[in-house]
Amino acid sequence: MGFARTCSVALVGVEGVVVEVQADLEPGVAAFTLVGLPDKSLSESRDRVRAAVVNSGAEWPQKKLTVGLSPASVPKSGSGFDLAVAAAVLGAAERIDPRSIADLVLIGELGLDGRVRPVRGILPAVLAAADAGYHQVVVPEQTAGEASLVPGVSVLGVRTLRQLIAVLADEPVPDEEPVEEGRPDAMLAGLLVPGAGLGTGLAPAPGEGPDLADVAGQHTARRALEIAAAGGHHLLLSGPPGAGKTMLAERLPGILPPLTRQESLEVTAVHSVAGILPPGEPLVRRAPYCAPHHSATMQSLVGGGNGIPRPGAVSLAHRGVLFLDEAQEGV
C-alpha cells in the first residue's frame, strides 16, 4: 500500500480555498477513483493524468487507486488540479519521494503528452496558498510571472510533467520545448480590446492609452472629468451623437491616480480569474476601462456561469472606469 498527499487550490469566485489532494494505492483490480465533489472537467482529469504520466516516461501503477480532494464539502471545478493529482499518484507509487510534495501547492492542467498548460486564476490561487501558510508553489511556466507577484512565495514554473518529476526526484532536468499555446480565453481577451468586438475594453498599459491632451476644446467636459477623477465621483455625459462623450470617457483612465500595490493585486486577481491578463504583463498597474455594449446581457454585466463564475463587466472595471454608453437603450 502507498500513500501520498499534496495540495492545490479551488477557486470560489475570486477567492481561493486550499485543497489537500490525497492518493492511496491498494492491492486489487486496477481502477482509478476520484472523490471529493469534482465537476465534469475535474472528473476527466483521470484520463488526462494517466496519459500524461505514461507519456512522460513514468510507469502507471496497476493497482486500485483512490484520489481524494479534501475538504470534500467544497465543490471543485476546472482542470487546475491535474498537476497535483499526478504528483500525488507518483508519490504514492514511490516514483518520487512523498515527503517532497507534502508542502507543495501545485496548480496546472496537463496535456495528454505531459505538457503543463496555464489555467485561469493563478494569482488568487497563490494568494490563498500564501495566506494558508504555504511557501512553495508549482505553476505552468507561462504563469510564473503572475504567481511571483505574491511576496514570500517561492515559485517554480514548469513546462512539462517530466521536468517536475526530475526536479522532485533530484535528477537532471530535461530541456523541453516551450509551450507555444496562448493563455486561456485568448479569444475573449481579443474581444476586450478597446474598439474590438462589441466595444468592451480594458485600459492598456501606462502611456499607451488615449490621452486627454489629444482633446481640443471641451473645456467644461474636461473640467468635469478632472473633478470626477480626483474625487472618485460618478459622471453623467449627455449630448447629441458626435459630441465626444465616448472619446472623453476613454480618456478618463489616463487621469485617474495610479493604482497602489494592493489595488493592482485586486484588479489583477479579477482579470486572472477572467483569463484576460496579457502575456508578459502579469500585473495591472493602470485603472481598467470597461465599456459593455448596451445590448449586453445581465450575466455579461454582473458575471456568473457554471463552475468557476466568470467576472462580468462590473467586476472587470473594479478600481477603474465602467462606461455605460447608451444606457437608456438597455432598459
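Let us look at the structure shown here.

Calculation criteria
Residues numbered from 1 in each chain as written. Predicted model: local features only at pLDDT ≥ 70, side-chain atom pairs only at ≥ 80, totals over all residues. Heavy atoms only, no water. Helix = DSSP H or I, 4+ residues; strand = E, 2+ residues; numbered from the N terminus. Buried < 20%, exposed > 50% of the residue type's maximum accessible area, 1.4 Å probe, protein only. Contact = heavy atoms within 4.5 Å. Areas by Shrake-Rupley, 256 points an atom, 1.4 Å probe, with all protein chains shown as cover. Salt bridge = Lys/Arg side-chain N within 4 Å of Asp/Glu carboxyl O. Axes fitted to C-alpha atoms, helices over the stretch in contact; angles between N-to-C directions. Parallel < 35°, antiparallel > 145°, perpendicular 65-115°, else oblique. Left-handed = near helix turned anticlockwise from the far one by under 90°. Nonpolar A, V, L, I, M, F, W, Y, C, P; charged D, E, K, R; others polar.

## Comments concerning the overall build of the protein chain
Move 1: Each helix and strand counted, the protein chain has twelve helices and eleven strands in total.
Move 2: Evaluated residue by residue, the protein chain yields a buried proportion of 44% over its 331 residues.
Move 3: Taking the intrachain contacts of the protein chain between residues at least 6 apart in sequence as the baseline, contacts between residues at least 24 apart amount to 68%.
Move 4: When the accessible surface of the protein chain is split by element, carbon and sulfur atoms take 54% of a total near 16000 Å².

## What about the pattern of salt bridges?
Move 1: Tallied over the entire structure, the rule returns eleven salt bridges.
Move 2: The residue Asp 47 makes a salt bridge to Arg 50 at a minimum N-O spacing of 3.4 Å. Placement of the pair is Asp 47 and Arg 50 together in helix H2 (residues 45-55), with a separation of three residues, close to one helical turn.
Move 3: The salt bridge involving Glu 266 is made with Arg 319; its shortest N-O contact spans 3.0 Å. In this pair, Glu 266 sits in helix H10 (residues 261-274) while Arg 319 sits in the loop between helix H12 (313-316) and strand S11 (321-322), placing the two residues 53 residues apart along the sequence.
Move 4: Residue classification places Arg 319 among the partly exposed residues on the basis of a relative accessible area of 39%.

## A short note on unusual backbone geometry
Move 1: Between Ser 70 and the following residue, Pro 71, the backbone shows a cis peptide bond with an omega angle of 10 degrees.
Move 2: The topology assignment puts Pro 71 in the loop between strand S4 (64-70) and helix H3 (82-92).
Move 3: Even without glycine at this site, Gln 218 takes up a positive phi of about 55 degrees.
Move 4: Its place among the elements puts Gln 218 in the loop between helix H7 (186-191) and helix H8 (219-231).
Move 5: Of the residues examined, Gln 218 reaches a relative accessible area of 31% and is grouped as partly exposed.
Move 6: If you check the backbone angles, Arg 319 has positive phi at about 65 degrees while not being a glycine.

## Comments concerning the packing of H3 against helix H6 (residues 161-168)
Move 1: Contact geometry for H3 and H6: axes closest at 11 Å, N-to-C directions at 45 degrees. If you check the angle between H3 and H6, you find them oblique. At the point where H3 passes H6, the crossing takes the right-handed sense. The segment H3 lies against H6, with Leu 83, Ala 86 and Leu 90 engaging Leu 161, Leu 164 and Ile 165.
Move 2: For the contact of H3 with H6, a count of residues per class yields six nonpolar, no polar and no charged.

Without other data, these values stay purely geometric and don't point to any function.
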